[in-house]
Amino acid sequence: MATIYIDGRAVEARNGENLLQACLEAGTDLPYFCWHPELGSVGACRQCAVKQFQNADDKRGRIVMACMTPATEGAIISVDDPEAKEFRGEVVEWLMTNHPHDCPVCEEGGECHLQDMTVMTGHRERRFKFDKRTHKNQDLGPLVKHEMNRCIACYRCVRFYRDYAGGEDLGVFAQHNNVYFGRYESGTLESTFSGNLVEVCPTGVFTDKPFSKVYSRKWDMRGAPSVCQHCSVGCNTILNERAGKVRRTLNRYNEDVNRYFLCDRGRYGNGFVNAPSRLRSAGYVMDGQMTPVPVAQALEQFAAFAKDGPIVGIGSGRASIESNYALRRFVGADNFSTGWAEPLHGAVTRAVDILRTTSARVMPLHEMESADCVLVLGEDVAATAPRLSLALFQTRRTACNKLADKNRLPHWLDAPVRTLGSDLKAPIHVVTPAPTDMDVSATQALRALPDDIARLGFAIANRIDGAAPAVSDLTEEETARATALADALLVAEKPVIVSGTQYASTALLDAAANIAAALVTQGKAAGLTLVLPEANSFGVATMGGLSLDAVCERAQAGQVGTLVVMEADLTRQLDASAFDTLVRSVRHLVVIDHSVTPTAERGELVVPATAFSECGGTMISMEGRAQRFLQVVYPEAPLQVSWRWVRDFAHASGHEGVLDWETLDQAVAATAAGVPAFARIVEAAPKADYELEGEHIRSQTHRVSGRTAIRANISVRDIPPPTSPDTPLKSDMEGTYTTDMPATLIPFYQVPGWNSVQSLNKFQQEIGGELRGGDVGVRVIGERGTAGYAGVAPARMALRENEVLLLPEYRAFGTGETSMWSDPIKARATEAVIRVGGDAPVARVSIQIGAEVFDVPAVNDPALPLGVALCPPHMVARSYEAPCWVTLRTISAEAAA
Amino acid sequence: MPDVIDADLVETILDMAHHDVLPRGACIEAMKIVQDRYGWICDRHLKQIADLLGMSLADIDGVATYYNLIFRQPVGENVIMLCDSVSCWVMGTDGVREKLCRKLGVKMGQTTEDGKFTLLPIVCLGHCDHAPAMLINKEIYGPVRPEDIDGIIEAHREKTS
Amino acid sequence: MSYTAKDPEKRPLLALVDQASPPDVAAYERGGGFRGLRRVLAGMSPAEVVEEVQKSKLRGRGGAGFNTGLKWSFVPKETQKQRKKYIVANGDEMEPGTFKDRMLVEGNPLQLIEGMIIAAYAIQATHGVIFLRGEYHLGLERLKIAVEQAKAAGFLGTKILGADFDFELIVHPSGGRYICGEETALITALEGRRANPRTKPPFPQVSGLWGLPTVVNNIETFSNVPHILANGIDWYLGLSACDDGGTKLYGISGRARRPGVYELPLGTRMGVLLEECAGGMQDGYKLRAFLPGGASTAFLGAEHADIVMDYATPEKAGSRLGTGLAILLDDRASPIGMIRNLEHFFAQESCGFCTPCRDGLPWVEKLLIEIDEGRGTPDDIARLEDAARLIGPMGRTFCAHAPGAIAPLASGLKLFREDFERLVAQGRPSEGASPAQGHAA
Ligand SMILES: Cc1cc2nc3c(=O)[nH]c(=O)nc-3n(C[C@H](O)[C@H](O)[C@H](O)COP(=O)(O)O)c2cc1C
Ligand code: SF4
Ligand code: FES
């Protein structure tokens, strides 16, 4: 700690931070643009000028940029100094010379950092009497809008996009006051993280394109803290709602997980909640046609079904643990299925088992950023957990920071630190069957088939610790690879192993776990991360249940009366004939879901569940972090959360007493009590009766407009604001809102004078540190387990003569289930193309998967061995998930022509 | 202009790239030697240089558009750069400019219809002792008087016809 | 004329300069070339070289005037084997009114090369780059030939003159932007990037090109080095007419009879330069004011026409020695027009990185156009004064480009106050020598 003096006030500053951070942390409003807490300082905008004095006798002082000046012990500065103030006012005036006065039509209006800073500096009068320079805008694709005339050239966009996220297709062009930020030519931004530009840009140059179609001012929208539903990372988000519709998704700061940034699947994937694919009433389905029925009738019907024999329930990794637990409780643990078919079921179960018991540290994303060696073993992280790949990419920065330490440069001094490491690669070693987006930034990218990767992993573990299971008949090449990788991990102080369930390979997971455990025996602070298939896979696997295969067997044996499928589409797990057999062999199929899936289309009785925006619940991320999402939309009946449907089914079928939950709090408490592993989930967020300063927290701003008019097309009568027993947030603007609110309840970021997302600094205890309102989520796993080594190395994967090994090629856009009901993501998804190994040009392939034959466009990929092909899951064959052997006929480019 | 950069230039570029810490270190010179041969940097060539040096198009075009001497648009057979900086201004570059524009029938920054001349302003050419100064291709002129322009232009017209 | 006669004793820098045909290695050696380098490699330690240069009081000739030996001494003391290091010659020379480095590279490139080799040895640099203005086609050609010759004669490459010292030298022609002359921007340009300046610290001597220790010096600075090492400190100090060492390439442009570059003792009076070297003003023109050392120095009025052109005196008078090449404003040219021309240059050459320079200077230029063309108001003058006050002091902008831009404006606002006010009051375009008329005269 260093004591510094801001306008005569003694303030404690953290060691090594800069004056801008120190001022903000001290609660002093100091305007800035180019500085960003995660991107550091570059001194471009000159907005954060303060006066610094040499000592107490120095009365003249010198203007310095706070963001570029270290907060050293005894530093004396003045923010209020007239000269500094005048200069800051002038900086805004300069910026405004070319900035259009289009705030009324600008989507940043009302949450614009430039507006805030303009008001803060007091620049009011326009004295620039000349023409503004103008730019042409570009079409940047379906996610981000571009209005270059609003640019104030703070360089944040390129610093985020290129330096922080490794994107290549956004740049700075031209010179002097004509600098242009955009692409080489119009076209879709390629980065999976492009949506962050919307929040990174302090003005309205980059805005949220889908949001612009349903635009509303920030102050007119309700907000609620939520959790991303599109992968197992569990990024924290804020959902905004107006007039019953979710309008957009914003990043919500979670120190340990996503911090300042989301991936585009998370930001734009939530459109499914408003999509036509939503199921909005209960109904009977006959020959694919649904006939709506009143809820009472649906429940009666269920009661009738229940008499026809045993009920089996299928849970889902995309439903909350409360809903899953409700179903399991209703049907009984023996009749509950995870919803995964083998081998995925086994793989996820094993993965979660490993995560719960490993002696390595299951690291939150932020902790992994400071790893000095990362081994990615058989998982295309950039596709299956995009935000994780962004975190791993930061290991490169950590390497730069180490050089900075040697040169005694503070880490926030961005440009020199980057320059020091300009030829550094990220200390990442990728071993995957196919190329991944991480390869370019990685130290090395090796290719091998899944079982061979597992063998390599076992061999690495064994090299690190002889007690780990050995691999027999290693080739020289395998030995060399294993030795090199083991050595790289061993010289690291903080090695991290990353793998996942993409290839549904238990052996691969064992291998990863063994390496991590072996590193621990060598005294390393090793980390282990396993990517899981869905947002709540951890929760479901922890509860455990039957595989889908087991359910199918039972059904075929005539042991299933009613099959209740909750928030799952079995056609993504079972091929067409298996699914058909299952549906035919159960007496009744009941589906609870928020959207009309192919499974729902086959259901006999279908009931509409709320989407995550319309209810509350808990999800457990891949690092065992239980996080609560709260409702932001107040849905109309008959929509209700899945666990309420389960409860109603239970009651209707005479199972009173099994499930008497009325509120989310009761559901959470019962789940915590029923599954010992979940005991702590009650701490994940305050209960619905939570009050701060004697009041509930409001989820609308004080300025919200049109509260009665908004329903005028339905009725002009004033109706009371909607209520819900499941959320501690009040649906209207009555109530309290402070920067000290529990972190899990923050519905939006805004403080007086700070209307943009930059106001976040007021909610943090220190910049980039913990929120004032405490932790976000609770870990349901202990610090460290004691598990030993497990598994045996598989045999070398032998390719076959007449069959091709089809491997899943996950995509950030396209292979996700719910995100693909969202228009912007659909627009970003590219066509399903099969990539076939070998050098011969290919135009199409026809593949037989199970009994079905698919005729699909294809290209050849010389990086893949002959006899292997890649196929995006669910985009060609709906069910196809795991590696499988298929017959594949190629149609050459010539033949196609 | 050929679709692809001549092989000898490619070789030179790769050689330069090889000798730098990062290949990108060669990008400015690469663009300049390509421009030297073909007059300007067309999109196709830019892409090819970017690929040779492992840079993205956005990256290399950001560099190209930063510098005054890298042309991303076609220029005439002769590029006339007339100094517009202070010493030349004091010594009458404005009069020379007027004369040049009239003679060529173009404004500053434009190319004559016959594609023979492009007229560009340039900052101080380091020829202030012979102001006003002018550079035509690689030849320096100065002091240039308005009445010299006809002769100079005609001489160049002949050379390139 | 005694001021231009070849005289290796009094005017070492230009002694061998021959713009028609520069000396080749043999001629250069005949004229005393490579004596300095031979002495260095025959037994001096790198530290001794640094010390000698430091004691010679050679100050940077690129504008900032930092003691050259001292600058070199900041480079981490590692041998060639331990770390790659760079020595870079700054031959960007885009500062309007400056034309001395061109003369040195065109007229005697080997002198520069020898200076760089000595400097490389002093800091144990392995690699050298001559960054040359892109428009200097002749200079580039001659430098390339000279580098080849020096290589062939064993002055570049490995085991130079049999010593345990290797040095590789290349020439980089600039893509063309004034900011490339700023040393950190120059380094950025050499990395194939947009040449925006970089923060200091870290200083280039510690972390420069590609993050490696790098020394950047002006071409004239390097050209002094061989003479210091060949003839000794005392000789070098004796060349000067002031406390600092050596001669200086001075120059005059504008309405003088004989504009040009002259090598004279450092600390020569302006009167000597203008009257004796440049032959005084042209007939019919009187000196009104001058920029003593390039476009980014402040105007000095005619009352300073005999000022001592050392580092300290112009500074006391409110300006800077800068590059030492003065630009004259005569009584028939419009001072407002001249400032307008200068600010056009600075606004256009702003790299666009920091706000005051990127957005402030174009505003300044627009105001000057307004006033120059007779549409100005008293308010416009006030705005110009605001800009001068707010952008001028060091530290407000990211680099020294903008303060340099403000120097002629701020001084001009004081010196030519009446002209500004008259123009605004008249509401007519500025008269007197608009440049076209200048020629008609
Ligand atoms: C905008 C700007 C332009 C500059 N241009 C040049 C230049 O063209 N040549 C030069 O030698 N120094 C130039 N300098 C000064 C350099 O930054 C640096 O101080 C100099 O090259 C150091 O060499 P010296 O110590 O030998 O003078 C410029 C500085 C600034 C701020
Ligand atoms: S003052 Fe700022 S904008 Fe101007 S050249 Fe320097 S860094 Fe660039
Ligand atoms: S925030 Fe400090 S200069 Fe931009």
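Residues numbered from 1 in each chain as written. Chains lettered and ligands numbered in written order. Predicted model: local features only at pLDDT ≥ 70, side-chain atom pairs only at ≥ 80, totals over all residues. Heavy atoms only, no water.

K.L.:
Mind laying out the interface of chain B and chain C, listing which residues take part and the relevant values?
P.N.:
Contacts between chain B and chain C engage 43 residues on the former and 56 residues on the latter. Here chain B packs against chain C, burying approximately 4,000 Å² in sum over the two surfaces, 60% of which is carbon and sulfur. Three residues stand out in chain B for area buried against chain C, namely Tyr66(B), Val86(B) and Trp89(B), and they jointly supply 19% of the buried area on that side. At the boundary of chain B with chain C, the tally comes to one salt bridge. Note that Asp129(B) and Arg102(C) form a salt bridge whose closest N and O atoms lie 3.6 Å from each other. Applying the counting criterion to the chain B and chain C interface returns 23 residue pairs in polar contact (both at pLDDT 80 or more). When its residues are assigned to classes, the side of chain B that touches chain C shows 23 nonpolar, 11 polar and nine charged. (Contact = heavy atoms within 4.5 Å. Buried area = accessible area lost by both parts, 1.4 Å probe. Salt bridge = Lys/Arg side-chain N within 4 Å of Asp/Glu carboxyl O. Polar contact = N/O pair within 3.5 Å; in protein donor to acceptor, adjacent residues only side chain to side chain. Nonpolar A, V, L, I, M, F, W, Y, C, P; charged D, E, K, R; others polar.)

K.L.:
An account of the site of ligand 2 is needed here, citing residue identities and associated values.
P.N.:
Lining the immediate environment of ligand 2, one finds 13 residues, of which Cys351(C), Phe353(C), Cys354(C), Cys357(C) and Cys399(C) sit closest. Taken together, the residues of the shell around ligand 2 sort by class into nine nonpolar, four polar and no charged. (Near = heavy atom within 4 Å.)

K.L.:
Can you lay out the domain arrangement of chain C for me, pointing to particular residues and giving the numbers?
P.N.:
All names here are of chain C. Domain boundaries assigned for chain C yield domain 1 (9-238), domain 2 (248-328) and domain 3 (335-426). The C-alpha centroid of domain 2 is placed 26 Å from the C-alpha centroid of domain 1. Facing the 20 residues of domain 1 at the interface are 18 residues of domain 2. Counting the surface domain 1 buries against domain 2, the share from its top three residues, Arg61, Glu95 and Phe99, is 29%. Scanning the region where domain 1 abuts domain 2 turns up one salt bridge. The set of elements that each furnish at least two residues to the side of domain 1 that touches domain 2 consists of α1 (12-15) and α6 (101-107). Of all the elements, α1 adds the most residues to the side of domain 1 that touches domain 2, at three residues. Residues that form the side of domain 1 that touches domain 2 fall into these classes: eight nonpolar, six polar and six charged. (Domains from an automatic or database assignment. Helix = DSSP H or I, 4+ residues; strand = E, 2+ residues; numbered from the N terminus.)

K.L.:
Tell me about a negative patch on the surface, and please be specific about residues and values.
P.N.:
Residue and element names in this part refer to chain A. On the surface, Asp689, Glu691, Glu693, Glu695, Glu734 and Asp740 cluster together into a patch of negative charge. On the secondary structure map, aspartate 740 appears in the loop between β29 (729-730) and β30 (778-779). The partly exposed category is assigned to aspartate 740, whose relative accessible area is 46%. (Patch = residues over 30% accessible without salt bridge, like charges linked within 9 Å, V, L, I, M, F, W, Y side chains within 5 Å. Areas by Shrake-Rupley, 256 points an atom, 1.4 Å probe, with all protein chains shown as cover. Lys, Arg positive; Asp, Glu negative; His and termini not counted. Charge placed at Lys NZ, Arg CZ, Asp CG, Glu CD. Buried < 20%, exposed > 50% of the residue type's maximum accessible area, 1.4 Å probe, protein only.)

K.L.:
Go over the packing of helix α2 (residues 82-98) of chain A against helix α3 (residues 113-121) of chain A with me, naming the residues and quoting the values.
P.N.:
All names here are of chain A. Relative orientation of the contacting elements α2 and α3 amounts to 140 degrees, with a least axis distance of 9 Å. Between α2 and α3, the interaxial angle falls into the category oblique. Both α2 and α3 take part in a crossing whose hand is left-handed. Across the interface between the two elements, Arg88, Gly89, Val92 and Met96 of α2 pack against Leu114, Met117, Thr118 and Thr121 of α3. When its residues are assigned to classes, the contact of α2 with α3 shows four nonpolar, three polar and one charged. (Axes fitted to C-alpha atoms, helices over the stretch in contact; angles between N-to-C directions. Parallel < 35°, antiparallel > 145°, perpendicular 65-115°, else oblique. Left-handed = near helix turned anticlockwise from the far one by under 90°.)

K.L.:
A description of the pairing of strand β11 (residues 236-242) of chain A should follow, citing residues and the corresponding values.
P.N.:
All names here are of chain A. Counting buried residues along β11, seven of its seven residues qualify, which places the element largely inside the surrounding structure. Neither face of β11 is open: one carries Asn236, Ile238, Asn240 and Arg242, the other Thr237, Leu239 and Glu241, and all of them are buried. The sheet contact formed by strand β10 (residues 222-227) and β11 spans six bridges and is antiparallel. Across the sheet, the residue bridging to proline 225 is isoleucine 238, located in β11. One ladder, built from six bridges, connects β11 with strand β12 (residues 245-251); its direction is antiparallel. Paired with asparagine 240 across the bridge in β12 is arginine 248. In this structure, the hairpin formed by β11 and β12 is closed by a connection of two residues, where alanine 243 is found at a positive phi of approximately 55 degrees. (Pairing = 2+ DSSP bridges.)

K.L.:
Provide a residue-level description of the interface of chain B and chain A, including the pertinent values.
P.N.:
Counting residues at the interface gives 15 residues for chain B, matched by 12 residues for chain A. Summed over the shared surface of chain B and chain A, the result is seven residue pairs in polar contact (both at pLDDT 80 or more). Listing elements by their share of the side of chain B that touches chain A, those giving two or more residues are α3 (43-52) and α4 (57-64) of chain B. Top contributing element to the side of chain B that touches chain A by residue count: α4(B), with five residues. Taken together, the residues that form the side of chain B that touches chain A break down as seven nonpolar, four polar and four charged.

K.L.:
Account for the packing of helix α14 (residues 335-349) of chain C against helix α15 (residues 355-372) of chain C, with residues named and values stated.
P.N.:
Residue and element names in this part refer to chain C. At a minimum axis separation of 9 Å, α14 and α15 run at an interaxial angle of 155 degrees. Considering the angle they form, α14 stands roughly antiparallel to α15. Judged by the sense of rotation from one axis to the other, the crossing of α14 with α15 is left-handed. Contacts between α14 and α15 involve Ile336, Gly337, Ile339, Arg340, Glu343, His344, Phe346 and Ala347 from the former and Leu361, Pro362, Val364, Glu365, Leu368, Ile369, Ile371 and Asp372 from the latter. In terms of residue class, the contact of α14 with α15 is made up of 10 nonpolar, two polar and four charged.

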